[in-house]
Amino acid sequence: MNDKWKPRTRAVHGGTRRSQYGEVSEAIYLTQGFVYEAAEQAEARFIQSGDDEFIYARYGNPTVRMFEERIAGLEGAEDGFATASGMAAVSGALTSMLKAGDRVVSARALFGSCLYVLEDILSRFGVDVVFVDGTDLAQWEAAITPDTRAVFFESISNPALEVVDIEAVSALAHKVGATVLVDNVFSTPVFSNAIAQGADVVIYSATKHIDGQGRALGGVILGTREFIRKTVEPYMKHTGGSMSPFTAWIMLKGLETMELRVRAQAASALKLSEALQGHEKLVRVIYPGHPSHAQVELTRRQLGGPGGTVLSLDLAGGQAAAFRFLNALQVAVISNNLGDAKSILTHPATTTHQRLSEEQRHALGITPGLVRMSVGLEDSEDLIADILQSLDAA
Ligand SMILES: Cc1ncc(COP(=O)(O)O)c(C=O)c1O
């Protein structure tokens, strides 16, 4: 890849490897393994395999490698490891680097599965996890003690859309030598500058904007070559959370159109947030790029764009109104993914965040009336009309 290429060129050509046939569209190497010319070659490859030498698909595969190089080039990361899902990336990044006795400081506003990994799994293995309000720098400063090994947060939280200041939190973490791991799903690879802003490790659920068309689960861990190849790769290749070649092909094709899709979706999200402000059935319209959001300045500085493709609506009538509203949708669908071409609405309190206690949900702003909307590629006028007619029904 040419270092001078702009993001859209990287997203189309980065990482491409052509076979002897010179195919235009990337080949899917749908094979579990690779044949060696001699026993000596097999031995040498197990000792140290070169960039274009593969052993077994759990360790690596040409199609998967194309995806890893393409997304790493886009993010400005030295290297990447592709995983079977976003959660394999989150859990793999954390467990590959942590050991019993380590201290992790994490934002408390997290996707339900991320919270489960930090709160239930890591603590079972003797990792000490401390949670803070991710928007409060004083809490980060107090919690990041000299023995802190890692800092973890979602740069925009799911579903209350709180924005964490990557630059400021990374500076605090680096003062004590802690590694900063950022789940960057809501910021998207299109608007993200997380590595330039100080993050050491950036994690994506590729299921979201990278595929963007609801076809496959996937994830990726991005960071320095040293971290990816020496810490993440040995853990992932032996524990089995690698991405399949077929999924990597879907994600490669997704990356080619991601910039156009995500910019269009974010522009519609901003329009929706503007059209719905002050609606009588809504207590709040939350969109990080709207002037009414408490962190709009940080959003603009951090993302350099409108604020992602997701907004959240808090219905005045609680869960009953939220359900009536959802059941009246005619264009958007009720589901739980995000970043998709189809607009998707979710009721977090009864689905993605159902496992949390009422107090936890309250602390995270997940009210009974809160609905998360992932804005798709439909015409924004049709979406606004659909939301307004559904609000009438609420
Ligand atoms: C912030 C965040 N992190 C991680 C994930 C997990 O991704 P996956 O479903 O691909 O495992 C999600 C999924 O919704 C998410 O919203």
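What you see is a predicted model; the values in this text were computed from it and never measured. Numbering of residues starts from 1 in each chain and follows the order in which that chain's sequence is written. With the structure being a predicted model, the display of local features is reserved for residues of pLDDT at least 70 and the display and counting of side-chain atom pairs for 80 or more, all residues being used for whole-chain, interface and lining totals. Heavy atoms from the whole structure form the basis of all side-chain values; hydrogens and water molecules are not counted.

A. The arrangement of the overall build of the chain in detail. From N to C terminus, the chain includes 14 helices and 12 strands. Relative to a compact globule of 394 residues, whose C-alpha radius of gyration would be 21 Å, the chain shows 21 Å and is just as compact. By its C-alpha atoms, the chain is 75 × 50 × 35 Å across when sized along the principal axes. Note on definitions: a residue-residue contact is assigned when non-hydrogen atoms from the two residues lie within 4.5 Å. Taking contacts inside the chain between residues at least 6 apart in sequence as the whole, the part at least 24 apart equals 73%. Put simply, the chain shows about 16,400 Å² of open surface, and 52% of that area lies on carbon and sulfur atoms. For the chain, the distance from the average site of its 35 positive side-chain charges to the average site of its 46 negative ones is 2 Å. Strands here mean DSSP runs of E at least two residues long; helices mean DSSP runs of H or I at least four residues long; both are numbered from the N terminus. For a compact globule the rule gives 2.2 Å times the number of residues to the power 0.38, and the radius of gyration it is set against comes from C-alpha atoms. Areas reported here follow the Shrake-Rupley algorithm with a probe of radius 1.4 Å; residue values treat only the protein chains shown as occluding. Asp and Glu are treated as the negative residues and Lys and Arg as the positive ones, with His and the ends of the chain left uncounted. Charged side chains are reduced to one point each, which is NZ for Lys, CZ for Arg, CG for Asp and CD for Glu.

B. A look at the pattern of salt bridges. What makes a salt bridge here is a side-chain nitrogen of Lys or Arg within 4 Å of a carboxyl oxygen of Asp or Glu, nothing more. Under the definition given, this model contains 24 salt bridges. When the shortest N-O distance is used, the salt bridge between glutamate 69 and arginine 17 registers 3.3 Å. Of this pair, glutamate 69 sits in helix H3 (residues 62-75) while arginine 17 sits in the loop between helix H1 (7-13) and helix H2 (39-47), and the two are 52 residues apart along the sequence. In this structure, glutamate 26 engages lysine 253 in a salt bridge whose closest nitrogen and oxygen atoms are separated by 2.7 Å. Here glutamate 26, found in the loop between H1 and H2, pairs with lysine 253, found in helix H10 (residues 245-276); they are 227 residues apart in sequence, far enough to count as distant. Using a 1.4 Å probe on the protein chains alone, a residue whose accessible area is under 20% of its type maximum counts as buried, one over 50% counts as exposed, and one in between counts as partly exposed. Taking relative accessible area as the criterion, glutamate 26 reaches 6% and is therefore assigned buried.

C. Summary view of the side chain of aspartate 102. Relative to the helices and strands, aspartate 102 resides in the loop between helix H4 (86-97) and strand E2 (103-107). On the basis of relative accessible area, aspartate 102 is assigned to the buried category, the value being 7%. Definition of a polar contact: a pair of N or O atoms within 3.5 Å, with one able to donate and the other able to accept a hydrogen when the atoms are protein atoms, and with sequence-neighbouring residues admitted only if both atoms are side-chain atoms. A distance of 2.9 Å separates a polar atom in the side chain of aspartate 102 from the backbone nitrogen of lysine 99. Setting aside anything within four residues of it in sequence, one finds aspartate 102 in contact with Met97, Gly126, Val127, Asp128 and Arg149.

D. Expanded view of the sheet that holds E2. What the seven strands build is an open sheet, ordered E1-E7-E6-E5-E4-E2-E3; its pairing is mixed. Each edge of the sheet is formed by a strand with only one pairing partner; in this case those strands are strand E1 (79-83) and strand E3 (128-132). Each strand of the sheet is rotated relative to its neighbour by a mean of 20°, with strand direction disregarded. Here four bridges tie strand E6 (residues 201-205) to strand E7 (residues 219-223), and the two strands are oriented antiparallel to one another. When the sheet's bridge partners are listed, valine 202 is paired in E7 with leucine 222. In this fold helix H7 (residues 166-175) packs onto strand E4 (148-154) and strand E5 (179-183), with an angle of close to 170° to the strand it touches most, E4. Axis angles are defined between N-to-C directions and span 0 to 180 degrees, where every axis is a line fitted to C-alpha atoms and, for a helix, only to the segment in contact. Docked against the sheet, helix H9 (residues 225-239) engages E1, E6 and E7, running at close to 20° with respect to E1. In this description, strands pair whenever DSSP reports at least two bridges between them.

E. How the structure looks around the side chain of histidine 290. Tracing the backbone shows histidine 290 in the loop between strand E8 (282-286) and helix H11 (296-303). Classification of histidine 290 by relative accessible area gives buried; the value is 11%. Side-chain polar atoms of histidine 290 contact the side chain of glutamine 277, separated by 3.4 Å. Setting aside residues no more than four positions away along its own chain, histidine 290 makes contact with Ser273, Glu274, Gln277 and Val296.

F. Structural context of the nonpolar core. Only buried Ala, Val, Leu, Ile, Met, Phe, Trp, Tyr and Cys residues count toward a nonpolar core, and they belong to the same one when joined by side-chain atoms within 4.5 Å. Grouped together as the largest cluster of nonpolar side chains are 80 residues, with contacts concentrated most on Phe67, Trp140, Phe153, Phe325 and Ile387. With 11 residues, H10 is the single largest residue contributor to this core. Discounting chain neighbours no more than four positions away, the residues touching phenylalanine 325 are Leu313, Leu315, Leu345, Val371, Ile387, Ser390, Leu391 and Ala394.

G. Spatial organisation of the site of the ligand. Near, as used in this document, describes a residue that has one of its heavy atoms within 4 Å of the molecule or strand being considered. Looking at the ligand, there are 13 residues lining it, with Gly86, Asp183, Ser205, Thr207 and Lys208 nearest. At 2.8 Å, a backbone N or O of glycine 86 approaches an oxygen atom of the ligand. Surface burial for the ligand is 92%, taken as the share of its 390 Å² of free accessible area covered by protein chains. Method remark: on a 1 Å grid restricted to protein atoms, a set of points is classed as a cavity if a 1.4 Å probe fits but cannot get out and as a pocket if it is open with protein on both sides within 12 Å along at least five of seven lines; lining residues have an atom within 4 Å of a point. Whether a molecule sits in a cavity or pocket is decided by its atoms, more than half of which must lie within 2 Å of the grid points. Here the ligand is seated within the second largest pocket. Along the lines of polarity and charge, the residues of the shell around the ligand split into four nonpolar, six polar and three charged. Gly is put with the polar residues, along with every residue not named as nonpolar or charged; the nonpolar set is Ala, Val, Leu, Ile, Met, Phe, Trp, Tyr, Cys and Pro, and the charged set is Asp, Glu, Lys and Arg.

Shape descriptors only; they carry no functional weight alone.
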